[in-house]
Protein chains: 4
Amino acid sequence: MSFQNILIEIEKEIGLITNDGKVADYIPELARINPESFAVSIITVDGKDFSLGNNLDFFSLQSITKVFSLTMAYSILGEKLWSRVGVEPSGSAFNSLVQLEYENGIPRNPFINAGALVICDILFDIYNNPEKELLDFTKRISGNSNIDFNLKVAESEKATSYTNKALINLMKSFGNINNDIDNILDLYYKMCSIEMSSYDLANTFLLYANHGVLKSEGERILSVSKTKRINSIMQTCGFYDESGEFAFKVGLPGKSGVGGGIVAVHPNKYSVAVWSPKLNSKGNSLLGMKALELLTTKIEESIF
Amino acid sequence: MSFQNILIEIEKEIGLITNDGKVADYIPELARINPESFAVSIITVDGKDFSLGNNLDFFSLQSITKVFSLTMAYSILGEKLWSRVGVEPSGSAFNSLVQLEYENGIPRNPFINAGALVICDILFDIYNNPEKELLDFTKRISGNSNIDFNLKVAESEKATSYTNKALINLMKSFGNINNDIDNILDLYYKMCSIEMSSYDLANTFLLYANHGVLKSEGERILSVSKTKRINSIMQTCGFYDESGEFAFKVGLPGKSGVGGGIVAVHPNKYSVAVWSPKLNSKGNSLLGMKALELLTTKIEESIF
Amino acid sequence: MSFQNILIEIEKEIGLITNDGKVADYIPELARINPESFAVSIITVDGKDFSLGNNLDFFSLQSITKVFSLTMAYSILGEKLWSRVGVEPSGSAFNSLVQLEYENGIPRNPFINAGALVICDILFDIYNNPEKELLDFTKRISGNSNIDFNLKVAESEKATSYTNKALINLMKSFGNINNDIDNILDLYYKMCSIEMSSYDLANTFLLYANHGVLKSEGERILSVSKTKRINSIMQTCGFYDESGEFAFKVGLPGKSGVGGGIVAVHPNKYSVAVWSPKLNSKGNSLLGMKALELLTTKIEESIF
Amino acid sequence: MSFQNILIEIEKEIGLITNDGKVADYIPELARINPESFAVSIITVDGKDFSLGNNLDFFSLQSITKVFSLTMAYSILGEKLWSRVGVEPSGSAFNSLVQLEYENGIPRNPFINAGALVICDILFDIYNNPEKELLDFTKRISGNSNIDFNLKVAESEKATSYTNKALINLMKSFGNINNDIDNILDLYYKMCSIEMSSYDLANTFLLYANHGVLKSEGERILSVSKTKRINSIMQTCGFYDESGEFAFKVGLPGKSGVGGGIVAVHPNKYSVAVWSPKLNSKGNSLLGMKALELLTTKIEESIF
């Protein structure tokens, strides 16, 4: 069965599901999105692409962008990076301070909020203007120069997110934050506010399916080994406290965001992005999870 | 480079490492093993095998056997199994009672001790003589009818392991244990005491590399989907609090045991078993971890 | 106002309260008690006594008996006792394993279940027949030779209490239990099953109001200093996770049990016992707490 | 034996103790103090006072001031106060975020940092200029109009204390902080920086020994009942994770600060303040604890 036919089947089956998920409403700007939006885009490493639904609408990537900052920091610092943040699943809710306190301010992995804040701190260690560098890098790997921050979303989030302020201050108390807290939070929320379409997102993550080489340029962005390692972190830590569930049901490395996007890659084969804003109780797109489960079931192929 | 040549290189490089690991000494019987033992065995799905070192010596599989009992319970109960045990990484030491208490007696996954005890309880729900069934199943999938429990090890462990007694009583207090506690512990320790060689172990796990079909018989033991799902649990939960690290460095689903064995599979390609009794601080074979990291680095192939 | 008049006022005010508490139903034998039973007894150090309600009915002392075993162990071991158990409030529910795991098997204080189990273990270290010694001691300090274990209650509790089995096995795994687990649990449940009336209970605790001298005999049972220290532990740890609340509202050292009894002492002045079987959400007698709050408010005297 | 003779004996015995405590060095300004300073002052409710050592030297009260802000907030809000903060001991280190996270942003008691921050927030709810009100109140109850903030200490602490920023942001995320975080922290650190002598401190706490009436004015500051309740909170929560130990060994309600001060009261009898800057591992003055233990042992009187 072709990808296009599989997508059509998925759309049909998804349509039968009662979606009792909830749009993330703690971010007022995100709550305005059409909750019924739905998009899927697949791009293969040999250059074919398949899409359906609102695949050109921009949506807020949120935590998915943590993969971009990690890629930048890891490509420059190499293995030294892991003295500042771990690679183990967290085993508890994504913003828990408990583990951080027991483990002396070293976040379990770069995809929980605490870990992503440390990575933003590292970008300030590395770059004079990390905000510009991050946006340029995202434009480059997505192949879309129109991609931008959504400053309204960034400000809306920054104004209300006391938990992240608690996390970063706690890490600072353990000596694991070097730069100005306010600047780091500013970068973090701008990063989370980046918007693109499901097509752009699949295109961006082709990099991770293609062992670190950017298709559009033929340039290597990340070594084979580092790409595999980022994929493995996506596999074990990409879905908050539902990473095991995603590995179990979908069987691909991936990353989700509270904007309702999920992206996954089958190394050497394809990348796939889905978007549906209503989230399950763990903060992952309810239909997005289901669509990807149907995808690997129908393809009869996962990394396992 | 051929597998055989890769193994020779690995043996050479491993020989240069100062092994400051420690043999598990809380089990007196295990402490008697020669700490310098070392073996690797690889078996491919197309029927080739490669070994070096003490690849015919039997060693205690310990936690690796949790994959066998899970396979038996899952193949019979199907997805109902997951109401009794989760599929998420635990994010804390392998025998922690904390998480179990906060999560009402449902263990995070079938590979932490609490989860494996629940699986043993389920085997009593299913079988009249689970001990015989488990041993017969292990003989069958390993292709070696000489495989047996080591009753001395089982008794030695059962006599001293108060933590597991605490775990199973705690789960019983939450209503997640149905059968006699003493009988379940008896089965659990017998299971852990199963011994085989690295060759047998690689042969056993070929099942998981071969999508559930037993090579020797040409018979399907487990559906494709269930095999993949067990592989995914091995990936996210197979190495206690070092599962992320193993995914990161080795990039294959696998399972370790405090007897010093580690087994891993590359689906569709091969299974590999290593044995070296000295453990690192997380309870995984120090040289075993290193050998497998070298293997996937030299092959330049992992699932990621 | 005389004690007798105060008691009459308390009875009147208590009668107006809607008691939405629940009798402890996890112990089948306890669930049979008349939930509307109510008794108060006050005995002063200068020999007067005042009672009302069912003050001669026997009820199950449960955790209140932990004071007796502590008194026995402390009087013999002295300050060495505190290497086995602490004197700090626990800050969490009375049967939590969490703290025990983080603090290496040393219970926070002798009144949480774990601590009381350690004290029972110590009685086996000290005595050949701790069961007989404990009962004899209780008869002696209560002045009532008819006091006895309720074996039905003891067996009923022992059969179902997996949490305590988990606790004692966990402590054994840390090396903080010396004697046979089954024997210790047997003693523990027999101790908890001791029954007496509110009059007997007030009479028993006169010892702690009278600085360690047994009124009836004129004999010193415990030194002045040790008596004060036991009183201080009752003050900070006597009411599970409501010890602060009791100190705040009543202002006397005391101890409660899930049988619905509460006993408190005003050193140098009086002891008071109340009994009302319905418990609040923290496991303390709802009307008992209220009655004692009314008592110290009306007397206008507490230790603070 | 007279108080003066008891003090002389205490001084002698204290002199023989090897003090391996450490001055709080996380506050640079505090680290400059003479570590060998030692003072004791006792003032009785019938108007006698006894002192020795550096009893007129000012030192930093730190957490002892939490009793002042609690007194102000409690006297105005009454029992409504307890919807914002509890009265239970915390059972863990004084700045732990763990419990706060599990208990939805409600601190366990007003003497842990989180609780004291909530009380400062409440002072902003009540007063237009809480800083002035707090200082005026402290001057009034101490009877010393020269008492002041030490702004250097306040700034030094505020600049480095990321843990408190984490705590207050975490509570804000749960909705338990109403006012500007920066203003609250400002007030908190100024409050902690208040300095007075051991004589002034004993004089201040005479209020709590005297059931809420200010001796110097003959005016009631706090009702009898509220005074007793504050005393009970000092008893159960006044010494971080060593409150049980203090109740056990000293047997009086009290409060300590990392400046090395400890104050305690025997209701109806006397207040006592000690000062010695070197702290034990729990953050309480090592010699201060010892001196108070000797005091109640020699007087042969505690509240128990």
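All values derive from a computational prediction rather than experimental measurement. (Residues numbered from 1 in each chain as written. Chains lettered and ligands numbered in written order. Predicted model: local features only at pLDDT ≥ 70, side-chain atom pairs only at ≥ 80, totals over all residues.)

## Focus on the overall build of chain A
When helices and strands are tallied, chain A shows twelve helices and nine strands. Against the globule reference of 19 Å for 304 residues, chain A gives a C-alpha radius of gyration of 18 Å, in line with a compact fold. Overall size of chain A, expressed as C-alpha extent along the three principal axes, is 55 × 40 × 35 Å. Within chain A, buried positions represent 59% of all 304 residues. (Helix = DSSP H or I, 4+ residues; strand = E, 2+ residues; numbered from the N terminus. Rg over C-alpha atoms; globule rule 2.2 N^0.38 Å. Buried ≥ 20, exposed ≤ 12 C-beta atoms within 10 Å, placed from the backbone.)

## What about the pairing of strand β8 (residues 261-266) of chain D?
Successive residues of a regular strand alternate their side chains across the two faces of the sheet. Residue and element names in this part refer to chain D. The element β8 is extensively covered by neighbouring structure, given that six of its six residues are classed as buried. Residues Gly 261, Val 263 and Val 265 of β8 are buried on one face, and the alternating residues Ile 262, Ala 264 and His 266, pointing to the opposite face, are buried as well. Of the pairings in the sheet, the one linking strand β7 (residues 254-256) to β8 comprises three bridges and is antiparallel in character. Bridged to Lys 255 within β8 is Val 263. (Pairing = 2+ DSSP bridges.)

## Re the relation of the copies chain B and chain A
Overlaying chain B with chain A gives an RMSD of 0.0 Å, the required rotation being 180 degrees about an axis along which the chain moves by 0.0 Å. What the rotation and shift describe, once combined, is the action of a two-fold rotation axis. Measuring from the rotation axis to each C-alpha of chain B, the shortest distance belongs to Gly 91 of chain B, at 2.1 Å. Most of the interface of chain B is mirrored in chain A, where 100% of its interface residues are also at the interface. (Least-squares fit on C-alpha atoms with pLDDT ≥ 70 in both. Contact = placed C-beta atoms within 7 Å.)

## Some thoughts on the relation of the copies chain D and chain A
Mapping chain D onto chain A calls for a rotation angle of 180 degrees and an axial translation of 0.1 Å; the resulting RMSD is 0.0 Å. When the interface residues of chain D are mapped onto chain A, 100% of them again fall at the interface, so both copies present the same face.

## Some thoughts on the domain arrangement of chain A
The accessible area lost on association of the parts is a frequent measure of interface size. Residue and element names in this part refer to chain A. Each domain of chain A was delimited in the assignment, giving domain 1 (3-59 + 196-299) and domain 2 (63-192). Once you take the C-alpha centre of each, domain 1 and domain 2 turn out to be 21 Å apart. Contacts between the two partners involve 31 residues from domain 1, matched on the other side by 25 residues from domain 2. Secondary-structure elements contributing two or more residues to the side of domain 1 that touches domain 2 are α9 (198-209), α10 (224-237), β7 (254-256) and β8 (261-266). (Domains from an automatic or database assignment.)

## Structural notes on the sheet that holds strand β8 (residues 254-256) of chain B
Residue and element names in this part refer to chain B. The sheet built from five strands is open, its strands ordered β3-β2-β10-β9-β8 with antiparallel pairing. Edge strands, defined here as strands with exactly one partner in the open sheet, are β3 (49-53) and β8. Across this sheet, the average inter-strand angle for adjacent strands is 5 degrees, counted without regard to direction. Packed on one face of the sheet, helix α1 (residues 3-15) meets β2 (39-44) and β3 and runs near 20 degrees to β3. (Axes fitted to C-alpha atoms, helices over the stretch in contact; angles between N-to-C directions.)

## Focus on the interface of chain D and chain A
Contacts between the two partners involve twelve residues from chain D, matched on the other side by twelve residues from chain A. Broken down by secondary-structure element, the contributors of at least two residues to the side of chain D that touches chain A are α4 (98-102) and α8 (162-173) of chain D. Among the elements that take part in the side of chain D that touches chain A, α8 of chain D stands out by supplying eight residues, more than any other. Grouping the constituent residues of the side of chain D that touches chain A by class yields five nonpolar, four polar and three charged. (Nonpolar A, V, L, I, M, F, W, Y, C, P; charged D, E, K, R; others polar.)

## Re the interface of chain B and chain A
Opposite the 29 residues of chain B that make contact, chain A presents 29 residues. When residues of the side of chain B that touches chain A are traced back to their parent elements, those giving at least two are α10 (224-237) and α11 (243-249) of chain B. Ranked by residues supplied to the side of chain B that touches chain A, first place goes to α10 of chain B with eight residues. Here the side of chain B that touches chain A is composed, by residue class, of ten nonpolar, 13 polar and six charged.

## Side note on helix α6 (residues 151-160) of chain A
All names here are of chain A. Listed in full, the buried residues belonging to α6 are Val 153, Ala 154 and Glu 157. Down the axis of α6, the smallest arc covering the buried residues is 100 degrees, so these residues share one side. Across α6 from its buried face, at more than 90 degrees, point the exposed residues Leu 151, Lys 152 and Ala 159. Buried residues belonging to α6 abut β3 (59-60) and α8 (181-192). (Arc of directions from axis to C-beta.)

## So, the environment of Leu 70 of chain D
All names here are of chain D. Its place among the elements puts Leu 70 in helix α3 (residues 66-77). You can call Leu 70 buried: it has 23 C-beta atoms within 10 Å. A C-alpha to C-alpha distance of 7.8 Å links Leu 70 and Ala 116, two positions 46 residues apart in sequence. Contact partners of Leu 70, with chain neighbours within four places excluded, come to Pro 110, Ile 119 and Ile 230.

## Description of the environment of Asn 176 of chain C
Take Asn 176 of chain C: it is sitting in the loop between α7 (162-173) and α8 (181-192). Discounting residues that sit within four places of it in the chain, Asn 176 of chain C has contacts with Arg 84, Gly 105, Ile 106, Val 118 and Met 171 of chain C.

## A short note on the arrangement of the chains
Left apart from each other, chain A and chain C have a closest C-alpha approach of 11 Å. Nothing in chain B touches chain D, and the closest approach of their C-alpha atoms is 11 Å.

## Some thoughts on unusual backbone geometry
Backbone geometry at His 211 of chain C places phi at a positive 55 degrees, although glycine is not the residue there. Tracing the backbone shows His 211 of chain C in the loop between α9 (198-209) and β5 (213-214). Despite not being glycine, Glu 300 of chain D shows a phi value in the positive range, around 60 degrees. Summarising the element assignment, Glu 300 of chain D is placed in the segment after α13 (286-299).

## A few points about the sheet that holds strand β1 (residues 39-44) of chain C
Residues and elements named next belong to chain C. Spatially, five strands are ordered β2-β1-β9-β8-β7 in an open sheet, and the strand pairing comes out antiparallel. Of all strands in the sheet, those bounded by a partner on one side alone are β2 (49-53) and β7 (254-256). Ignoring which end each strand starts from, the neighbouring axes of this sheet average 5 degrees apart. With six bridges joining them, strand β8 (residues 261-266) and strand β9 (residues 270-275) adopt antiparallel strand pairing. Its bridge partner being in β9, Ala 264 is matched across the sheet by Val 272. In this fold α9 packs onto β1, β2, β8 and β9, with an angle of close to 145 degrees to the strand it touches most, β9.

## Looking at the packing of helix α4 (residues 113-126) of chain B against helix α7 (residues 162-173) of chain B
All names here are of chain B. One can describe the packing of α4 onto α7 by two numbers: an axis separation of 10 Å at closest approach and a directional angle of 65 degrees. At the point where α4 passes α7, the crossing takes the right-handed sense. For the pair α4 and α7, the contacting residues are Asn 113, Ala 114, Leu 117 and Val 118 in the first and Asn 164, Leu 167, Ile 168 and Met 171 in the second. When grouped by side-chain class, the residues that make up the contact of α4 with α7 number six nonpolar, two polar and no charged. (Left-handed = near helix turned anticlockwise from the far one by under 90°.)

## Here's the deal with the pairing of β1 of chain C
All names here are of chain C. The element β1 is largely enclosed, with a buried count of five among its six residues. Of the pairings in the sheet, the one linking β1 to β9 comprises six bridges and is antiparallel in character. Its bridge partner being in β9, Ile 42 is matched across the sheet by Val 272. The turn joining β1 and β2, which pair antiparallel and follow one another in sequence, is formed by four residues; a positive phi near 95 degrees is taken by Gly 47.

## Considering the packing of α6 of chain A against α8 of chain A
Residue and element names in this part refer to chain A. Two numbers describe how α6 lies on α8: the axes approach to 8 Å, and their chain directions differ by 130 degrees. It follows that α6 is oblique to α8 by the angle criterion. Relative to α8, the crossing made by α6 is right-handed. Packed against α6, whose contacting residues are Ala 154, Glu 157 and Lys 158, the element α8 presents Leu 185, Asp 186, Tyr 189, Lys 190 and Cys 192 at the interface. The residue inventory of the contact of α6 with α8, partitioned by class, reads four nonpolar, no polar and four charged. (Parallel < 35°, antiparallel > 145°, perpendicular 65-115°, else oblique.)

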